[in-house]
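Letter by letter, the chains look like this.
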Amino acid sequence: MMSIDEAIKGRRSIRTYKKTEVKEDFIRDIVEAATFAPSAKNGQQWRFTVLTGESKDKFTDMYRSELDKLTFDVGSSYGSCTMMERAPVVIVVWNTNKLGWTTEVHSVSAAIQNLLLKAHALGLGTCWIGDVLYTSEAIVDYFKKPWKLLAAITLGWSDANPKPKPRLSVNDVTEFLN
Ligand SMILES: Cc1cc2nc3c(=O)[nH]c(=O)nc-3n(C[C@H](O)[C@H](O)[C@H](O)COP(=O)(O)O)c2cc1C
């Protein structure tokens, strides 16, 4: 089994995937890992919509056409859209947001990190996609959910070997007070 350090330090955002299908059992394992995250008041505010095949194609078509309507700079969104079009699986991540607390966002983000690490431990690649938030409202309407959109995640067998991104050191980000 992969050590915690291998999982944490070996994970990369993977943006190119093989066409190979990801079996539902793997997806279930990965989502199960997400459900073991800590959550504010154990509210388990995470919900997931797993898209493959036609449901994924329809979603990415809708996302692309919503991006086309925007008149401001959407950053890397078209690149993220292409990535979702090409990935075998896209998982839309929701926040039930019952109380409107910021901590509910934290819960769902913790779940996503678990999900990314479990996928990596199973040899699968993922990328966390915040760019879907540019079209949040349209996505919520499309799925007719009473929740807030948190992110999307692409998932698949990696066809890339990206170098690690530079990291700030412990000294850069920490002060020790006594
Ligand atoms: C909140 C959040 C939003 C992100 N949104 C996107 C995105 O929309 N598109 C994308 O290609 N990558 C996205 N990423 C991935 C980051 O670019 C990536 O995690 C970062 O560059 C560090 O690289 P690493 O994941 O390989 O360590 C996002 C990551 C996080 C945590």
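This report concerns the structure included in the present document. Since the structure is predicted, the reported quantities are computational estimates derived from the model, not experimental observations.

Observations regarding unusual backbone geometry
Piece 1. A positive phi angle is found at Lys41, which is not glycine, with a value near 55 degrees.
Piece 2. Among the secondary structure elements, Lys41 is positioned in the loop between helix H2 (24-34) and strand E1 (46-51).
Piece 3. Of the residues examined, Lys41 reaches a relative accessible area of 73% and is grouped as exposed.

Examining the packing of aromatic side chains
How two aromatic rings sit relative to each other is set out by the distance from centre to centre and by the angle between their planes.
Piece 1. For the structure on display, the rule yields seven aromatic pairs.
Piece 2. Here the aromatic rings of Phe59 and Tyr63 are separated by 6.4 Å at their centres, their planes lie at 5 degrees, and the arrangement is stacked. With Phe59 and Tyr63 both in helix H3 (residues 53-69) and four residues apart, this pair spans about one turn of that helix. Residues Phe59 and Tyr63 agree in their burial class; the two are buried.
Piece 3. Considering the side-chain rings of Tyr142 and Phe143, the 4.9 Å spacing of their centres and the 90 degrees angle between planes classify their relative orientation as edge-to-face.
Piece 4. A residue is classified by how much of its surface remains accessible, and Tyr142, at 32% relative accessible area, is partly exposed.

Some details on the nonpolar core
Piece 1. Residues Phe59, Met84, Val132 and Ile139 are the most contacted members of the largest nonpolar core, which totals 24 residues.
Piece 2. Broken down by secondary-structure element, the contributors of at least two residues to this core are H3, helix H4 (77-86), strand E2 (89-95), strand E3 (124-129), helix H6 (136-143) and strand E4 (148-157).
Piece 3. Ignoring sequence-local partners within four residues, the contact set of Ile139 consists of Phe59, Met62, Tyr63, Trp94, Val132 and Leu149.
Piece 4. Core analysis: the next-biggest nonpolar cluster, separate from the first, contains 21 residues, Trp46, Val89, Ile112 and Ile153 among them.

Things to note about the site of the ligand
Piece 1. Close to the ligand lie 13 residues; Arg11, Ser13, Arg15, Trp128 and Gly130 are nearest.
Piece 2. Within the side chain of Ser13, an N or O atom sits 2.6 Å from an oxygen atom of the ligand.
Piece 3. Between the ligand and Asp131 there is a distance of 3.0 Å, counted from an oxygen atom to a backbone nitrogen or oxygen.
Piece 4. When the ligand is considered free in solution it has 620 Å² of accessible area, and contact with the protein chains removes 67% of it.
Piece 5. Elements represented by at least two residues in the shell around the ligand include exactly H4 and E3.

Examining the sheet that holds E3
Piece 1. Read across the sheet, four strands follow the order E1-E2-E4-E3 without closing on themselves; strand pairing throughout is antiparallel. Since the sheet does not close on itself, it has two edges, and those belong to E1 and E3, each with one partner. On average, each strand axis in the sheet is inclined to that of its neighbour by 25 degrees, with strand direction left out of account.
Piece 2. Sheet strands in contact with H2 are E1, E2, E3 and E4, and its direction is about 165 degrees off that of E1.

Observations concerning H2
Piece 1. Those residues of H2 not exposed but buried are Ile27, Ile30, Val31, Ala33 and Ala34. Projected onto a plane normal to the axis of H2, the buried residues spread over an arc of 155 degrees and lie on a single side. Across from the buried face of H2, at angles greater than 90 degrees, the exposed residues are Asp25 and Arg28.
Piece 2. Looking at the buried positions of H2, the neighbouring elements they touch are E1, E2, helix H5 (102-121), E3 and E4.

Side note on the side chain of Gln45
Piece 1. One can find Gln45 in the loop between H2 and E1.
Piece 2. Here the side chain of Gln45 touches Ala40 through a polar contact of 3.2 Å, landing on its backbone oxygen.
Piece 3. Polar contacts involving the side chain of Gln45 include one to the side chain of Ser107, which spans 2.9 Å.
Piece 4. In this structure Gln45 touches Ser39, Ala40, Trp94, Asn95, Thr96, Glu104, Ser107 and Val108, once residues within four positions along its chain are discounted.

So, how was this worked out
- Residues numbered from 1 in each chain as written.
- Predicted model: local features only at pLDDT ≥ 70, side-chain atom pairs only at ≥ 80, totals over all residues.
- Heavy atoms only, no water.
- Helix = DSSP H or I, 4+ residues; strand = E, 2+ residues; numbered from the N terminus.
- Buried < 20%, exposed > 50% of the residue type's maximum accessible area, 1.4 Å probe, protein only.
- Phe/Tyr/Trp six-rings, centres within 6.5 Å; stacked < 30°, edge-to-face > 60°.
- Core = buried A, V, L, I, M, F, W, Y, C linked by side-chain atoms within 4.5 Å.
- Contact = heavy atoms within 4.5 Å.
- Near = heavy atom within 4 Å.
- Polar contact = N/O pair within 3.5 Å; in protein donor to acceptor, adjacent residues only side chain to side chain.
- Areas by Shrake-Rupley, 256 points an atom, 1.4 Å probe, with all protein chains shown as cover.
- Pairing = 2+ DSSP bridges.
- Axes fitted to C-alpha atoms, helices over the stretch in contact; angles between N-to-C directions.
- Arc of directions from axis to C-beta.

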